[in-house]
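Chain residues, written in single-letter form:
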Amino acid sequence: MNFDPFVIPFLTGLSFLCAVLIFKYAKWFIKLSREHKFKLLKWIFSHKIILALKEIFLESLLHRKIFRRNFVLGYMHASIALGWLLLIIAGNLETKLHSSKFFNMPYDPVFLKFFVHERSGIPIAAFYTFVMDFLLLIILIGIGLAVFKRFRSMLFGLKRTTRLKSFDKIARYSIWLIFPLRFLAESFTSGQYNTGGFLTGTAGHFFAAVLPVDYLSYPVWWGYSIMLCMFFIALPFSRYMHIPTEVALIMLRNFGIKTNKIYDGITEFEVNSCPRCGICIDVCQLNEVQASDIQAVYFIQSSRENKKDERKAFNCLLCGRCENVCPVGIEVNAIRITKRKQLVFDNKNAFNFLTNGSTEKADVIYYAGCMTHLTPAVKSSMCRILDEANVNYLFLDKDGSVCCGRPLLMAGKIEAALSLVEKNKKKILESGAKTLVTSCPICYKIFREEYKLPIEALHHSQYILRLVREKKITLSNSQQCVVYHDPCELGRGCGIYDEPREILSRTSQLVPMKNEKNNSWCCGGSLGDFKLSAEQKSEITRDVLMEFMAYSPEIIATACPLCKKTFAKYGNAKIQDIAEIVLASILKEKVTEKKVEVLQ
Amino acid sequence: MSKNVIVIGGGIAGMESSAYLAAMGYNVTILEKEGKLGGHLLKWERLFPTKRHGKEVLEFLSQGISEHVSIIYHADIENIERKDQVFNVHLSKGTSLKADAVLIATGYETFDARKKEEYGYGIYDNVITSPDLEEIFLSGKGIRTASGKVPQRIGLVHCVGSRDEKAGNIYCSKVCCVTGVKQAIEIKEKLSQTEVYCFYMDMRMYGFHFEELYKEAQEKWGVYFIRGRLSESCENADGTIVVKVEDTLAGKPLKMTVDLLVLLVGFVPSEGTRKIGELLGLSFNSNRFIKSADEHTMSNVSSEPGIFMAGTCTSPRTIANTIMDARSAAATVASYLEGYNIEKRTIHRNLK
C-alpha cells in the first residue's frame, strides 16, 4: 500500500465533505413531503433514472445550457467539470491497471505519480500518460479562463458578476490553485525521474534544468493535498455545493418532484443547487431602477442561509426572466412565493363571507377577470367575437365575480387563494361547460395550475385561433405594422407564444422583435412586486416602450389587460389587446364582403 | 428702436401678457397654432365661481390686443435658434422672426380620458368628459343620452387623471372640483328633475366663493356628493352605465346605474408645451410641466436667459390666476429687456 503523510489532508477533507453531504442530504430527504418521498421510491428504479443520467451528463458535466448562452463560458465550465471527472475516472483505471487489484485507496489515483515511477508494469502506459496530461491541460485552460473571467467578465457575456461570500472565495481560490499545484507536483516528480507525458514530462524536463526539483517536489505534493482539503471543507458552505447537489436535483426533478407552495426538502435541494454563476443578474429589470441585491442569485443565497429577508422576497416582479436563463433550471418564482408565505398572515377563512350564486348552463364560459373589467374594450371585443362566431357562452363574471386567486398566491397567501379557487371552481363546474375561456393570463395561469378542472381552460388567444381555424370567424389583414409584447404570465408563465403570433400574422404585419418570446420584457405593471414605487414601475414601462417604438409600430399588441393598462399610461402609440385587433379585423372583413356582394 | 418679444400661444396667458408688453412699448408677436385667439376659453360656456360667460372674459382680453400686437395664426414653429441675445424663430411656412425675448404661453390640454380605460370613455356612448359637456352647453342643445333621451340620473366623476399615480399624474389640477360643482348646478338648472351625483375624493374648495358654490349645489339644487373614487364602469344592454364605487363615508361598496357619466378630466401639459420646452432645451418638473427657476419667487423665469413662461405651461391654474401670472410674466420680461435684471436675483435652497 502506498502511503505518505501528505495524503492525510486530502483524506481528512474528503471524509469531512462526505460526512457533511450525507448529513445534509439526509436532513433534506426527511423534509421532503410524503408525496415527494413516494415519488422518489416509485421512480428511482425506473427508466426515468436513465433520462436523469442523460440530463446530468448534458447539464452538470457538459453544461449545454451555458454553451448555448456563451461559448467561452460554456467551455470554461465543461472543461473543469467534465475534465475533472474524466481525470478521476482515468486516474482510477490507471491505478487499477497498475496494481491489478480492484480496490485502491481514494488517494491512490490523485497522487499516483508520486508513488509510481516505474510504469513498465502498466499496460498501454504511454496512452494513459498522454490522456492524463491532456485532461490536465484542458482543466488548466478552464482554470485560466476562470481567473481571466474574474477580471474581464464581459468576454463571457456577463455585465455583472455575483458578489461572493467568504466561503465562496476560499473555495474559489483553492480550486484555482489545485490544478496548477498538481501540474507542478507532477512535473517536478517527472523531472526527478525523467518520466511524464507531453505536458508534465516536457515541463519536468525544463524545471529539472532550472530548479532544484528534488527538494521542491515533496512540498508541492503537500501543497496540492492541502488545497484539495481546503476545497473539500469549504465546498458544502460555498457555492460549489451545487456540484453534488445539482446531480441530486436533476434526479429528483426527473421523478416529478418540485417545489410546490411550501418551502421543504426539495426547495433545499434547489437553493443548494445554485452555483451563483450570476447569469440571472443581467436579465433582471430591477437592476436599473432600484435594487441590485434582490436578484435571484442573492435571494437564493439568503434562503440558503435560512434568512427571512422580507425585501428580497417581495421585491420581485415574478416575471420569470431569471428562471428562463438559469442553467440549473431553478424555479425561483415558486421558491420566492414559498418564502412570501412564511412572511405573511395567510387566512384560509378570509373569504368565508362570499356567497355562492347559481350558475346558468352553457357550452363555453367566458371569464374576463378583474383586470379585463378595467380594460372594457377587451371584454366588449371578446363578447362581440363570441357573438360573431355564434358561440353559446356564459359571461361568468359579467356582474363582478370572485377573484381567480392568482394575485393572492403571488403574495404568498396561498391558503386564502385556494379558498377562492374552490369557490370559482364550483361555479365553473355548475355551468356544465366544456371550455373555459379567459382574457387574463394571470387567471389563465392559475386555472391551469391550481384549478385541476376536468374541462379545458384556454386563454382567449388560443380560443380565437381555434375559431379562426374552424372558420367560425374570418379575418382580414389590415397590413398595419404590429409588434407583439409577450405577457410574462402567458409567455414564460404558460408557454403560449405561437397562438397570438399566428392570429396577428393573419390580421396585420407582425414585426418580430429582438427581445421577444421567452426573452420578452416585463411591462412593469406586474402584480408580483410589492416594493417598487409607482415612479420606479413607470421607469421600467418607459424603457420597454422605448424599445418597442424603435420598430415604429402602428399598434403595440399584447394579450394581457394588465400589460395593456400599464403601457397605455405612457404610450403615444396605440396599445391594443389581440381581441380588439381581431374584432376590427372581423368587421373589416364583413365590410369587404358586403362590398363584393354589392359589386356582384 | 423698440425691442421684439415673441409670445408663443394666444390663449388667456398669451393674450394678457401681450397686452401688457405692448402697453410698455414692445413689439409683440403672438404665434397662435389655431386660427383664433382665446385658447381654451373658447370652449367654456360659463366660468366658476360666478357663472359669468367665458366670452365676456375673452372680450375683455381682446381689448388689450391693440395694433401694437401682431398675430401670426396657424403658426407651426420648426426651430428656434439663439445667437447672443437674439432669438431667431423659424416657422414651417418659411418665415423667420427675430426676438429679444421669448415668452412661452403654450398652456395645457385636458387628460385623455381613454387612458383611464376602466371608466369607459371612447368605449361606452354615454360616458363623456367635462369639456364634452361644456360643448353641449355652448351648442345650446339639450343634455341628452346617446339615444336621445333626457337623462334621469347623471354621475360626475372627480379627479380623472388627477391625483392618480396609476394614471401617471400625482398632482391636483386645481380646477376640476369646482368645475364639477358648477356643471352639476348647470345640469340642475337645465334639467331640474334629473338626479346629479358627484363622486369625489375630497372637495378642494380653496378659492374665494368656491365654498359658497358648493353649498349652493347641495342646499339649493340637491346635488348628491358621494365620497369615493370610481373603480370601474360598465354598460348595460340599454346603454346605461353602471358605476362601481366605494362610499367611504358609509363604508360600503356601491353600485349605481346612471344615464350619463361625466368625467371631470384634469390638466396635463399640452403637446405645444412639451415641444417648445424641448426645442428650447428647458427643464421640466416631475409632473412634466416646464420647470420654473423657483416655485415661490420666480414662476415666470425658465432655466434659460431670455425665455419666460406665463400661465398653465408651468402648472395647472384657474383663469384668474392665469391672468395674474400673465401680467407678472410681462413685468419679468420687461425687467430682463431693460437690463434691470430683477429676475436674476438668487434665492437659496436649503437642501437639508
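Residues and elements named next belong to chain A. Under the domain assignment used here, chain A contains domain 1 (7–31 + 62–237), domain 2 (364–467) and domain 3 (476–599). A straight line from the C-alpha centre of domain 2 to that of domain 3 covers 20 Å. Contacts between domain 2 and domain 3 engage 29 residues on the former and 29 residues on the latter. Each partner contributes to the roughly 2500 Å² buried at the junction of domain 2 and domain 3, and carbon and sulfur atoms together form 76% of this total. Ranking the residues of domain 2 by area buried against domain 3 places M410, P441 and L465 at the top, with a combined share of 20%. The interface formed by domain 2 and domain 3 holds 2 salt bridges in total. Note that E388 and K590 form a salt bridge whose closest N and O atoms lie 2.9 Å from each other. Viewed at the interface, domain 3 and domain 2 are joined by 6 residue pairs in polar contact (both at pLDDT 80 or more). Secondary-structure elements contributing two or more residues to the side of domain 2 that touches domain 3 are α19 (370–373), α20 (376–388), α21 (406–410), α23 (441–449) and α24 (460–469). The element best represented in the side of domain 2 that touches domain 3 is α20, accounting for 7 residues.

In this section: the sheet that holds strand β18 (residues 260–265) of chain B. Residues and elements named next belong to chain B. Spatial ordering of the open sheet is given by β11-β18-β12-β13-β14, a layout of 5 strands whose pairing is parallel. Here the strands that pair on one side only, and so sit at the sheet edges, are β11 (127–129) and β14 (224–227). Across this sheet, the average inter-strand angle for adjacent strands is 25°, counted without regard to direction. The sheet contact formed by strand β12 (residues 153–160) and strand β13 (residues 195–200) spans 5 bridges and is parallel. In the strand pairing of β13, L156 is matched with C198. Helix α3 (residues 130–139) rests against β11 and β18 of the sheet, and its axis sits at about 85° to β11.

Before going further, it helps to examine the pairing of strand β3 (residues 435–438) of chain A. All names here are of chain A. Covered by surrounding structure in β3 are T435 and V437 together with L436 and T438, the residues of both alternating faces. Of the pairings in the sheet, the one linking strand β1 (residues 364–367) to β3 comprises 4 bridges and is parallel in character. Bridging across to β3, Y366 finds its partner in V437. Running through α23, the crossover from β3 to the neighbouring parallel element strand β4 (residues 456–459) is right-handed.

The subject of this paragraph is the nonpolar core. The nonpolar side chains of a soluble globular protein tend to be buried, and buried together. Grouped together as the largest cluster of nonpolar side chains are 90 residues, with contacts concentrated most on L21(B), V181(B), F225(B), L261(B) and L263(B). Two domains each provide a minimum of three residues to this core, namely domain 1 (4–107 + 270–344) and domain 2 (113–267) of chain B. With residues near it in sequence (within four places) discarded, L21(B) still touches V5(B), V7(B), Y26(B), V28(B), L103(B), A330(B) and V333(B). With 85 residues, the next largest nonpolar core counts L40(A), I80(A), Y240(A) and Y263(A) among its residues.

Moving on, we get to the environment of N515(A). All names here are of chain A. Relative to the assigned elements, N515 resides in the loop between β6 (509–510) and α26 (534–549). Each C-alpha atom of the pair N515 and A209 lies 58 Å from the other, and the pair is 306 residues apart in sequence. Other than its neighbours up to four places away in sequence, N515 contacts S520, W521 and E547.

What follows is about the sheet that holds strand β17 (residues 252–258) of chain B. All names here are of chain B. Within the open sheet, the 3 strands sit side by side as β15-β16-β17. Their pairing is antiparallel. Each having just a single partner strand, β15 (230–235) and β17 make up the two edges of the open sheet. Each strand axis lies, on average, 20° off the axis of its neighbour in the sheet, ignoring direction. Sheet topology places β15 next to strand β16 (residues 241–247); 5 bridges connect them, and they run antiparallel. Residue pairing in the sheet places C234 in a bridge with V242 of β16.

What follows concerns the interface of chain B and chain A. Listed per partner, the contact involves 15 residues of chain B and 17 residues of chain A. When chain B packs against chain A, the two sides together hide about 1200 Å² of surface, and 46% of this comes from carbon and sulfur. Contact with chain A buries area across many residues of chain B, yet K115(B), E117(B) and E118(B) alone supply 42% of it, more than any other trio. On the surface where chain B and chain A come into contact, there are 2 salt bridges. A salt bridge links E118(B) to K565(A), with the nearest nitrogen and oxygen atoms 2.3 Å apart. Grouping the constituent residues of the side of chain B that touches chain A by class yields 4 nonpolar, 3 polar and 8 charged.

What follows is about helix α11 (residues 242–254) of chain A. Residue and element names in this part refer to chain A. For α11, with 13 residues, the first-to-last C-alpha span of 17 Å sits near the 18 Å given by 1.5 Å per residue. Every buried residue of α11 is listed here: H242, T245, E246, A248, L249, I250, L252 and N254. On its buried side, α11 packs onto α1 (7–31), α2 (34–43), α3 (48–61) and α12 (265–271). Of the residues trailing α11, G256 is marked for its positive phi of about 80°.

Bringing the packing of aromatic side chains into the picture now. One pair of aromatic rings is described through two measures. These are the centre distance and the angle between the planes. Residues and elements named next belong to chain A. By the definition in use, this model includes 46 aromatic pairs over all chains. Considering the side-chain rings of Y25 and W28, the 5.6 Å spacing of their centres and the 40° angle between planes classify their relative orientation as tilted. On the criterion of helical spacing, the pair formed by Y25 and W28 is a turn pair, its members being 3 residues apart in helix α1. Judged by relative accessible area, W28 falls into the buried class, the value being 4%. Seen from the ring of Y570, R542 lies directly overhead, with NZ or CZ sitting 5.3 Å from the centre.

The next thing to look at is the domain arrangement of chain B. All names here are of chain B. For chain B, the assigned domains read domain 1 (4–107 + 270–344) and domain 2 (113–267). Computed over C-alpha atoms only, the centres of domain 1 and domain 2 are separated by 32 Å. Contact with domain 1, which involves 17 residues of that partner, is made by 28 residues of domain 2. With both sides pooled, the region where domain 1 packs onto domain 2 buries about 1800 Å², and carbon together with sulfur makes up 63% of that total. At the junction of domain 1 with domain 2, the criterion picks out 4 salt bridges. Across the pair E216 and K51 runs a salt bridge, and its minimum N-O distance is 3.1 Å. Across the domain 1-domain 2 interface, the total number found is 8 residue pairs in polar contact (both at pLDDT 80 or more). Taken together, the residues of the side of domain 1 that touches domain 2 break down into 7 nonpolar, 4 polar and 6 charged.

Turning our eyes to something else, we now look at the state of the cysteines. All names here are of chain A. This model, assessed by the stated rule, comprises 0 disulfides over all chains. Sulfur of C440: no disulfide; nearest cysteine sulfur belongs to C443 and is 3.9 Å away. You can call C440 buried: its relative accessible area is 2%. Free of any disulfide, C488 has its nearest cysteine sulfur in C522, 4.1 Å distant.

The subject of this paragraph is the pattern of salt bridges. Residue and element names in this part refer to chain B. In the structure shown here, the tally under the stated rule is 54 salt bridges over all chains. Note that R114 is salt-bridged to D112, the shortest N-O span being 3.2 Å. Under the relative-accessibility criterion, D112 is labelled partly exposed at 33%. Bridged by salt links that share partners, the residues E45, R46, K51, E134, K182, E186, E189 and E216 form one connected network.

Attention shifts here to unusual backbone geometry. Each neighbour pair has its own omega, and for F48(B) with P49(B) the value is -10°, a cis peptide bond. Phi is positive for N194(A), close to 60°, though the residue is something other than glycine. On the secondary structure map, N194(A) appears in the loop between α8 (166–193) and α9 (200–210).

All names here are of chain B. Two elements in contact, helix α1 (residues 12–23) and helix α2 (residues 54–63), have axes whose closest approach is 8 Å; the angle formed by their N-to-C orientations is 35°. As α1 runs across α2, the sense of the crossing is left-handed. The residues of α2 that touch α1, namely those facing I12, M15 and E16, are L58, F60, L61 and S62. The residue makeup of the contact of α1 with α2, split by class, is 5 nonpolar, 1 polar and 1 charged.

Mapped onto the fold, T95(A) is located in helix α5 (residues 71–99). Other than its neighbours up to four places away in sequence, T95(A) contacts N104(A), D108(A), P109(A) and L112(A).

Parameters at a glance
- Residues numbered from 1 in each chain as written.
- Chains lettered and ligands numbered in written order.
- Predicted model: local features only at pLDDT ≥ 70, side-chain atom pairs only at ≥ 80, totals over all residues.
- Heavy atoms only, no water.
- Domains from an automatic or database assignment.
- Contact = heavy atoms within 4.5 Å.
- Buried area = accessible area lost by both parts, 1.4 Å probe.
- Salt bridge = Lys/Arg side-chain N within 4 Å of Asp/Glu carboxyl O.
- Polar contact = N/O pair within 3.5 Å; in protein donor to acceptor, adjacent residues only side chain to side chain.
- Helix = DSSP H or I, 4+ residues; strand = E, 2+ residues; numbered from the N terminus.
- Pairing = 2+ DSSP bridges.
- Axes fitted to C-alpha atoms, helices over the stretch in contact; angles between N-to-C directions.
- Buried < 20%, exposed > 50% of the residue type's maximum accessible area, 1.4 Å probe, protein only.
- Right-handed = clockwise from strand over helix to strand, strands pointing away.
- Core = buried A, V, L, I, M, F, W, Y, C linked by side-chain atoms within 4.5 Å.
- Nonpolar A, V, L, I, M, F, W, Y, C, P; charged D, E, K, R; others polar.
- Expected span 1.5 Å × (residues − 1).
- Phe/Tyr/Trp six-rings, centres within 6.5 Å; stacked < 30°, edge-to-face > 60°.
- Lys NZ or Arg CZ within 6 Å of the ring centre and 35° of its normal.
- Disulfide = S-S within 2.5 Å.
- Left-handed = near helix turned anticlockwise from the far one by under 90°.

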